[in-house]
Amino acid sequence: MSVWSAAQPRACFPLLTQQSELIWLDSAATTQKPLAVLDAERAFYEQINANVHRGAHRLGHAATEAFEAARSSVAHFINSPSRQQVVFTRGATEAINLVAHSWGGSQLQAGDEILISMLEHHADIVPWQMLAARTGAMVKPIPLTDALELDLDALAAMLSPRTRLVCVTAMSNVLGTRPPLSRIIAMAHAVGARVLVDAAQALAHDVIDVQALDADFLVFSAHKVFGPTGIGALWARMELLEAMPPWQGGGEMIARVSFDGTTYAPPPLRFEAGTPAFAQAVGFAAALNWLQQQDRSAIAAHETALYQQLAAGIAHIDGVHILGAPHDKGPIASLAFATAHPYDVAQFLDNADIAVRVGNHCAEPLMQALQQHGTLRVSIAAYNSAHDITRLLAVLAETLELLA
Ligand SMILES: Cc1ncc(COP(=O)(O)O)c(C=O)c1O
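In this text, all values refer to a predicted model and were calculated from it rather than measured experimentally.

## Considering the pattern of salt bridges
- A complete count under the given rule lists 15 salt bridges for this structure.
- A salt bridge links Glu 272 to Arg 71; the nearest nitrogen and oxygen atoms lie 2.8 Å apart. A residue pair is termed long-range when its members are at least 10 positions apart, and Glu 272 in the loop between strand 10 (263-264) and helix 11 (278-293) and Arg 71 in helix 4 (residues 58-77) qualify at 201 residues. As far as the burial class goes, Glu 272 and Arg 71 line up, both buried.
- Among the charged side chains, a network of salt bridges with common partners joins Glu 68, Arg 71, Arg 83 and Glu 272.

What follows is the structure, encoded as structure tokens:
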């Protein structure tokens, strides 16, 4: 296995080279962007810029080609059988809202059940609660074990013919937990339920193959995988997309419009009303291409080694511990403090040019289950180095001594 050196990827990221002291350990909130992404968007604006799927001119055709090529890149990255199964959205949040409105609104009724893992981000909870309020369906949380894993025995007991959907993250944005997706998907399918996988965190770290995974819906955001803000995607099984009604109306999503009746375009355009984020789509494709050009298994091994360095270091500092020790986890750690307030600690870290996140991480139900008001989250990405972790540990130890 080749060894990943973070020096070379760090050099690809202008913000990290220009702010050479900065230690970015907040990649779960958003990743920094490689030059390849900035260059791709700039080249698009300088050479092609035109609206897509309209315009009877050279640039309009070139922009449409670039936009659809970006869709193909996203499809290829997750091994989708077809690019028509990739719907561009504003991000993971909008993708989940799309499924809730369109699939949920047309398929669910009073008495149906939606099972949601306790690990979920608010983006994978609130749209289902809103759908439940509209339809009379019920939202039920899948609890955690004492080891903070999803409780699969509890899930087995909850699954029934009433279960229509199971929502689960591929990687918790708080604890880094990777639930056993294949098992959960097989269990849900056995009772005829659909499964939505939130890959917002996992996509930057894990190889996601939608055909191998066998989920029904998968969502993600470009900005968490080295791409631009304002764009993400929904992937879904073709037969589901074909049966789903539009959820927003406007240009682009129609076949014909008249005051006697309007017909809709086939997927994915049916779900992309209005001018899409076409320049960002080009940047998104550039981010995925950049990542694909790297040795992804070496990055994964590098991130795991950094996580282990972090965990070993934290074990030697008084007054702080990492929450949960799930069997399978990504490079995200939530730190809980015996007495110090996470906001105070983060302030000291910021003064030392170390960026982390504090708070409930948009996962209040999980925080309640953990009996925490907030944690300090350290999230690691390809451009981090052993030096970053060593420095974090040193400043953390000094800070906790000072605050004791
Ligand atoms: C696991 C998870 N799901 C969904 C989201 C929502 O992503 P976005 O805000 O890009 O739509 C996030 C963002 O932090 C996340 O971590």
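Having seen the model, we can carry on.
## Brief notes about the nonpolar core
- Residues Val 197, Leu 218, Phe 226 and Phe 284 are the most contacted members of the largest nonpolar core, which totals 87 residues.
- Residue assignment places this core across two domains, with domain 1 (7-29 + 295-403) and domain 2 (38-292) each supplying three or more.
- Here Phe 226 is in contact with Phe 13, Thr 31, Gln 32, Lys 33, Pro 34, Val 37, Ala 204, Ala 287, Trp 290, Leu 291, Ala 382 and Tyr 383, once residues within four sequence places are set aside.
- The next biggest cluster of nonpolar side chains, apart from the first, holds 29 residues, and it includes Leu 306, Ile 314, Leu 349 and Leu 393.

## A few points about the side chain of Ser 117
- Mapped onto the fold, Ser 117 is located in strand 3 (residues 113-117).
- Here the side chain of Ser 117 touches Leu 119 through a polar contact of 3.0 Å, landing on its backbone nitrogen.
- There is a polar contact of 2.6 Å between the side chain of Ser 117 and the side chain of Glu 120.
- Not counting the four nearest positions on each side in its chain, Ser 117 is found in contact with Ile 142, Leu 150, Cys 167 and Val 168.

## Structural notes on the environment of Phe 88
- Residue position: Phe 88 is located in strand 2 (residues 86-89).
- Beyond its immediate chain neighbours, meaning those up to four positions away, Phe 88 contacts Phe 67, Ala 70, Arg 71, Val 74, Ile 231, Gly 232, Ala 233, Glu 272, Ala 281 and Phe 284.

## Considerations on the environment of Leu 269
- Tracing the backbone shows Leu 269 in the loop between strand 10 and helix 11.
- In this structure, the C-alpha to C-alpha distance between Leu 269 and Ile 254, residues 15 residues apart in sequence, is 8.0 Å.
- In contact with Leu 269, other than residues within four places in its own chain, are His 53, Glu 68, Arg 71, Glu 252 and Met 253.

## Let's talk about the pairing of strand 7 (residues 217-221)
- The element strand 7 is largely enclosed, with a buried count of 5 among its 5 residues.
- Neither face of strand 7 is left uncovered, since the one carrying Phe 217, Val 219 and Ser 221 and the one carrying Leu 218 and Phe 220 both have all their residues buried.
- Where strand 6 (residues 194-198) and strand 7 come together, 3 bridges link them in parallel fashion. When the bridges of strand 7 are listed, Val 197 appears paired with Leu 218.
- Sheet topology places strand 7 next to strand 8 (residues 232-236); 5 bridges connect them, and they run antiparallel. When the sheet's bridge partners are listed, Ser 221 is paired in strand 8 with Gly 232.

## Details of the site of the ligand
- Within the structure, the ligand sits among Ala 92, Thr 93, His 121, Ala 123, Asn 173, Asp 198, Ala 200, Gln 201, Ser 221, His 223 and Lys 224.
- Here an oxygen atom of the ligand sits 3.4 Å away from a polar atom, N or O, in the main chain of Ala 92.
- The separation between an oxygen atom of the ligand and a polar side-chain atom of Ser 221 is 2.6 Å.
- For the ligand, whose accessible area on its own is 390 Å², the fraction buried by protein is 86%.

## Let's talk about unusual backbone geometry
- A cis amide bond links Pro 267 with the next residue in sequence, Pro 268, at an omega value of 5°.
- Inspection of the secondary structure assignment puts Pro 268 in the loop between strand 10 and helix 11.
- Backbone geometry at Asp 214 places phi at a positive 70°, although glycine is not the residue there.
- Positionally, Asp 214 belongs in the loop between helix 9 (210-213) and strand 7.
- Classification of Asp 214 by relative accessible area gives partly exposed; the value is 34%.

## Considerations on the sheet that holds strand 7
- An order of 2-8-7-6-5-3-4 is seen for the 7 strands of this open sheet, with the pairing classed as mixed. The open sheet has two free edges, formed respectively by strand 2 and strand 4 (138-142), since each of these has just one partner strand. With strand direction ignored, the average angle separating the axes of adjacent strands in the sheet is 20°.
- Helix-sheet contacts for helix 4 involve strand 2, strand 7 and strand 8, and the interaxial angle to strand 2 is about 115°.

## Observations concerning a nonpolar patch on the surface
- On the surface, a nonpolar cluster with roughly 260 Å² of combined accessible area is contributed by Phe 348, Leu 402 and Leu 403.
- Overall, Phe 348 belongs to the partly exposed group, its relative accessible area being 31%.

## Some points on the UniProt feature "domain: Aminotransferase class V" (unreviewed entry) in the protein
- Those places that UniProt annotates as "domain: Aminotransferase class V" (unreviewed entry) correspond, in this numbering, to residues 23-392.
- Taken end to end, residues 23-392 is 39% helix and 17% strand, and its two terminal C-alpha atoms sit 8 Å from one another.

## Some points on the domain arrangement of the protein
- Here the protein is described as being made up of domain 1 (7-29 + 295-403) and domain 2 (38-292).
- Distance between the C-alpha centres of domain 1 and domain 2: 28 Å.
- Buried area between domain 1 and domain 2, both sides added, is near 2,700 Å², and the carbon and sulfur share of it is 60%.
- Per-residue buried area on domain 1 facing domain 2 is highest for Arg 296, Ile 332 and Leu 366; these three make up 26% of the total on that side.
- There are 1 salt bridge connecting domain 1 and domain 2.
- For the salt bridge of Arg 178 with Asp 328, the shortest nitrogen-to-oxygen distance reads 2.9 Å.
- For the pair domain 1 and domain 2, the interface holds 17 residue pairs in polar contact (both at pLDDT 80 or more).
- Among the secondary structure elements, those contributing two or more residues to the side of domain 1 that touches domain 2 are helix 12 (296-315), strand 12 (332-337) and helix 14 (364-370).
- In the side of domain 1 that touches domain 2, the residues fall into 25 nonpolar, 6 polar and 6 charged.

Conventions we followed
Residues numbered from 1 in each chain as written. Predicted model: local features only at pLDDT ≥ 70, side-chain atom pairs only at ≥ 80, totals over all residues. Heavy atoms only, no water. Salt bridge = Lys/Arg side-chain N within 4 Å of Asp/Glu carboxyl O. Helix = DSSP H or I, 4+ residues; strand = E, 2+ residues; numbered from the N terminus. Buried < 20%, exposed > 50% of the residue type's maximum accessible area, 1.4 Å probe, protein only. Core = buried A, V, L, I, M, F, W, Y, C linked by side-chain atoms within 4.5 Å. Domains from an automatic or database assignment. Contact = heavy atoms within 4.5 Å. Polar contact = N/O pair within 3.5 Å; in protein donor to acceptor, adjacent residues only side chain to side chain. Pairing = 2+ DSSP bridges. Near = heavy atom within 4 Å. Areas by Shrake-Rupley, 256 points an atom, 1.4 Å probe, with all protein chains shown as cover. Axes fitted to C-alpha atoms, helices over the stretch in contact; angles between N-to-C directions. Patch = residues over 30% accessible without salt bridge, like charges linked within 9 Å, V, L, I, M, F, W, Y side chains within 5 Å. UniProt positions renumbered as here; feature names shortened; annotations may be inferred. Buried area = accessible area lost by both parts, 1.4 Å probe. Nonpolar A, V, L, I, M, F, W, Y, C, P; charged D, E, K, R; others polar.

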